[in-house]
Amino acid sequence: VVSDAEVDTAYQRVIGGYAKYEDVTTARAAAKGDLLRVDFTGMVDGAPVASLGDECKPLAQAKDFWALLDEPELLPGLAKGLEGAKVGEERDVAVTFADDFRVAALAGKKASYHVAVKAMREKVLPTIDAAFLKKEFDGETSDALKVRIRENLQASGDAKELQRRKDELAKQLLESVHFDLPQSVVDQETAHTARNIARRVASQGASKEMIEQERDRIIAAAEKTSKDRIKLTYLLNAIAQAEKIGMTVIPS
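What this report covers is the structure whose coordinates are included nearby. Note that this is a predicted model, so its numbers are computed, not measured.

**Some points on the overall build of the chain**
Piece 1. The helix and strand inventory of the chain stands at 7 helices and 6 strands.
Piece 2. Starting at the N terminus, the α and β elements of the chain follow one another as α-β-β-β-β-α-β-β-α-α-α-α-α.
Piece 3. In terms of overall size, the chain is more extended than a compact globule, its C-alpha atoms giving a radius of gyration of 26 Å where 252 residues would be expected to give roughly 18 Å.
Piece 4. Judged by the C-alpha coordinates and their principal axes, the chain covers about 75 × 55 × 25 Å.
Piece 5. Burial analysis of the chain (252 residues in total) assigns 28% to the buried set.
Piece 6. For the chain, the share of sequence-separated contacts (at least 6 apart) that also reach a separation of at least 24 residues comes to 69%.
Piece 7. When the accessible surface of the chain is totalled, it reaches about 16500 Å², and 53% of it is carbon and sulfur.

Put into structure tokens, the structure is as follows:
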């Protein structure tokens, strides 16, 4: 059941999508949600981040970079480290990269970034009046918009619950039935799945070298996924035949 609080949160998120960032004219401190124009330079173990390789250069230094003090952030901890800063101020911000950070050369490392704050903008929400609603939502009232949001949230929640049940059923089937799979089918599906995984991580910025380093892990994950998919396909097809459903069942 979708709560009123969930509807209000989604409503604010929808309206927030029409917000604009405007220059801050007062000498106030930066807060979460602000947009700061900064220069930064990073150091790791006393050496410039740029010295760790070409893949690190985008995170090594920048001028006139707009940093949003919110998630997600370019550098882990940058947003929190800049909260309270003022235009014209310089700070040293400690950054700790996670062990699975997308740039392998920085994974698990601690860095220090010298940051100079040059300008600040704040998020300004639009005025929710008849003119705004007419322009952006075909004249719907705020109440009508909330009704539509509630319906969308309910539909999304129903779909997630249906998928949860399907996933639970698949898990029970895979754990309770055991049989050998044709190796040729497993090999073919594993190769296809591994290629898809490699393409996905490449689209997220991983280099060919990084993908090659993770080759064994990618293949192992692909084989596990492929075996489960093939096994589930056989099981569902067998159930369809036994129940005389009269169709081939393909797992989603």
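**Details of the nonpolar core**
Piece 1. Core analysis: the biggest nonpolar cluster contains 30 residues, and Leu-82, Leu-106 and Tyr-113 have the highest contact counts within it.
Piece 2. Elements with a minimum of two residues in this core: strand 2 (35-44), strand 4 (61-68), helix 2 (78-82), strand 5 (90-96) and strand 6 (110-124).
Piece 3. The dominant element in this core, judged by the number of residues it contributes, is strand 6, at 5 residues.
Piece 4. Beyond its immediate stretch of four places on either side in the chain, Leu-106 contacts Val-44, Val-49, Leu-52, Cys-56, Leu-59, Phe-97 and Phe-101.
Piece 5. The next biggest cluster of nonpolar side chains, apart from the first, holds 10 residues, and it includes Val-2, Phe-137, Leu-145 and Ile-149.

**A closer look at the packing of helix 1 (residues 4-16) against helix 4 (residues 142-176)**
Piece 1. Interaxial distance between helix 1 and helix 4 falls to 9 Å at its minimum, and their mutual angle equals 110 degrees. As the angle between them shows, helix 1 and helix 4 are arranged roughly perpendicular. Crossing geometry of helix 1 relative to helix 4 is assigned as right-handed. The residues of helix 4 that touch helix 1, namely those facing Asp-4, Glu-6, Val-7, Asp-8, Ala-10, Tyr-11, Val-14 and Ile-15, are Ser-142, Leu-145, Lys-146, Ile-149, Arg-150 and Leu-153.
Piece 2. When its residues are assigned to classes, the contact of helix 1 with helix 4 shows 8 nonpolar, 1 polar and 5 charged.

**Re the packing of helix 5 (residues 183-203) against helix 7 (residues 215-242)**
Piece 1. At a minimum axis distance of 8 Å, the contact between helix 5 and helix 7 shows a crossing angle of 125 degrees. With respect to helix 7, the axis of helix 5 lies oblique. As helix 5 runs across helix 7, the sense of the crossing is right-handed. Contacts between helix 5 and helix 7 involve Val-185, Val-186, Glu-189, Thr-190, Thr-193, Ala-194 and Ile-197 from the former and Ile-218, Ile-219, Ala-222, Glu-223, Ser-226, Lys-227, Arg-229, Ile-230 and Tyr-234 from the latter.
Piece 2. Partitioned by chemical class, the residues of the contact of helix 5 with helix 7 number 9 nonpolar, 3 polar and 4 charged.

What counts, and at which threshold
Starting from 1, residues in each chain are numbered consecutively following that chain's sequence as written. With the structure being a predicted model, the display of local features is reserved for residues of pLDDT at least 70 and the display and counting of side-chain atom pairs for 80 or more, all residues being used for whole-chain, interface and lining totals. Water and hydrogen atoms play no part in the side-chain values, which are based on all heavy atoms of the structure. In DSSP terms, a helix is any run of H or I states spanning at least four residues, a strand is any run of E spanning at least two, and both are numbered starting from the N terminus. Note that the radius of gyration is over C-alpha atoms, with the globule rule given as 2.2 Å times the number of residues to the power 0.38. Accessibility here uses a 1.4 Å probe with only protein chains present; expressed as a share of the type maximum, an area under 20% marks a residue as buried, one over 50% as exposed, and anything in between as partly exposed. Throughout, a residue-residue contact means that at least one pair of heavy atoms, one from each residue, lies within 4.5 Å. The accessible surface values rely on the Shrake-Rupley method and a 1.4 Å probe; as for residues, cover is taken only from the protein chains in view. Only buried residues count toward a nonpolar core, which is a set of Ala, Val, Leu, Ile, Met, Phe, Trp, Tyr and Cys residues joined through side-chain atoms within 4.5 Å. Working convention: axes come from line fits to C-alpha atoms, limited for helices to the stretch in contact. Angles between N-to-C directions cover 0 to 180 degrees. For classification, angles of less than 35 degrees are called roughly parallel, those exceeding 145 degrees roughly antiparallel, those between 65 and 115 degrees roughly perpendicular, and all remaining angles oblique. By definition, turning the near helix anticlockwise from the far helix through less than a right angle yields a left-handed crossing, and turning it clockwise yields a right-handed one. Only Asp, Glu, Lys and Arg are considered charged, only Ala, Val, Leu, Ile, Met, Phe, Trp, Tyr, Cys and Pro nonpolar, and every remaining residue, Gly among them, polar.

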